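# Working through the structure, step by step
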Amino acid sequence: MTSGLRERKKLATRLALHQAALQLVAEHGLDGVSVDDIAARADVSPRTFFNYFPTKDDAVVGIDASAVGQAAERFAARPASESPVEALRAVHALQAAEMADEPETLWPLRLRVIDEHPVLLARLHAVFASAERALAEAIAARTGTTVGPDVYPTLLAAVSGAALRCGLHAWLASDFTASLPALVDEAWDVLAAGLPAPRR
């Protein structure tokens, strides 16, 4: 088996376990589902399950740790002519489009399940926090600042994460009928305008 084929099989197994976990929890609730149930739905052994996820909750949230640094890598690859904010907006536009187009509507189901089981929020927040730390380092490298002593990289990374999360919350509130990329872009528009109070 070639390394490429082996990697695709591993990704397919991971996705199958994540989908099984999401679907089962949506059907039976978090407490009504076990690791054995998830493994059986995905047609693998419980031992195989633990090769991919340390806990049931991690399988439900299902975000690959290897993807945590993706936004930072994409940000670093943006043209130097773009400001940090312009570069981040472009990165988030692509990320939001990918989230909306994930196979089997994974993000909508993931958000619904997490919304119904708030205990899972800690897992999701941990993933976002790791991504923001990596992004802050990339912002610091681009702007000649230092994470920690300088406010700018950490603040911009946190603000960008907030824009993405606000877009996701609004997408959930729309029952996924709105455009996620448009909602994330709207959040950035509000930030760029200096957070003016809404007109009633």
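Model, not experiment: these values are computed from the prediction.

### Concerning the environment of Ala-80
Of note, Ala-80 is situated in the loop between α5 (70-77) and α6 (84-100). As a C-alpha pair, Ala-80 and Arg-142 span 62 residues in sequence and 8.4 Å in three-dimensional space.

### What about the pattern of salt bridges?
Counting across every chain of the model gives eight salt bridges. When the shortest N-O distance is used, the salt bridge between Glu-27 and Arg-41 registers 3.1 Å. Residue Glu-27 is found in helix α1 (residues 3-28), and its partner Arg-41 is found in helix α2 (residues 35-42); the two are separated by 14 residues along the sequence. One salt bridge in this structure joins Arg-74 and Glu-98, with 2.7 Å as the shortest N-O distance. Here Arg-74 is found in helix α5, whereas its partner Glu-98 is found in helix α6, with 24 residues between them in sequence. Three or more residues are tied together by salt bridges with common partners; here these are Arg-89, Asp-185 and Asp-189.

### Things to note about the domain arrangement of the chain
Under the domain assignment used here, the chain contains domain 1 (5-56) and domain 2 (65-192). Each of domain 1 and domain 2 has a C-alpha centre, and the two are 26 Å apart. The partner domain 2 presents ten residues to the eleven residues of domain 1 that form the contact. The contact between domain 1 and domain 2 buries some 850 Å² in all, and 72% of this surface belongs to carbon and sulfur atoms. Per-residue buried area on domain 1 facing domain 2 is highest for Gln-19, Leu-22 and Leu-30; these three make up 49% of the total on that side. Our count for the contact surface shared by domain 1 and domain 2 stands at zero salt bridges.

Conventions and cut-offs
- Residues numbered from 1 in each chain as written.
- Predicted model: local features only at pLDDT ≥ 70, side-chain atom pairs only at ≥ 80, totals over all residues.
- Heavy atoms only, no water.
- Helix = DSSP H or I, 4+ residues; strand = E, 2+ residues; numbered from the N terminus.
- Salt bridge = Lys/Arg side-chain N within 4 Å of Asp/Glu carboxyl O.
- Domains from an automatic or database assignment.
- Contact = heavy atoms within 4.5 Å.
- Buried area = accessible area lost by both parts, 1.4 Å probe.

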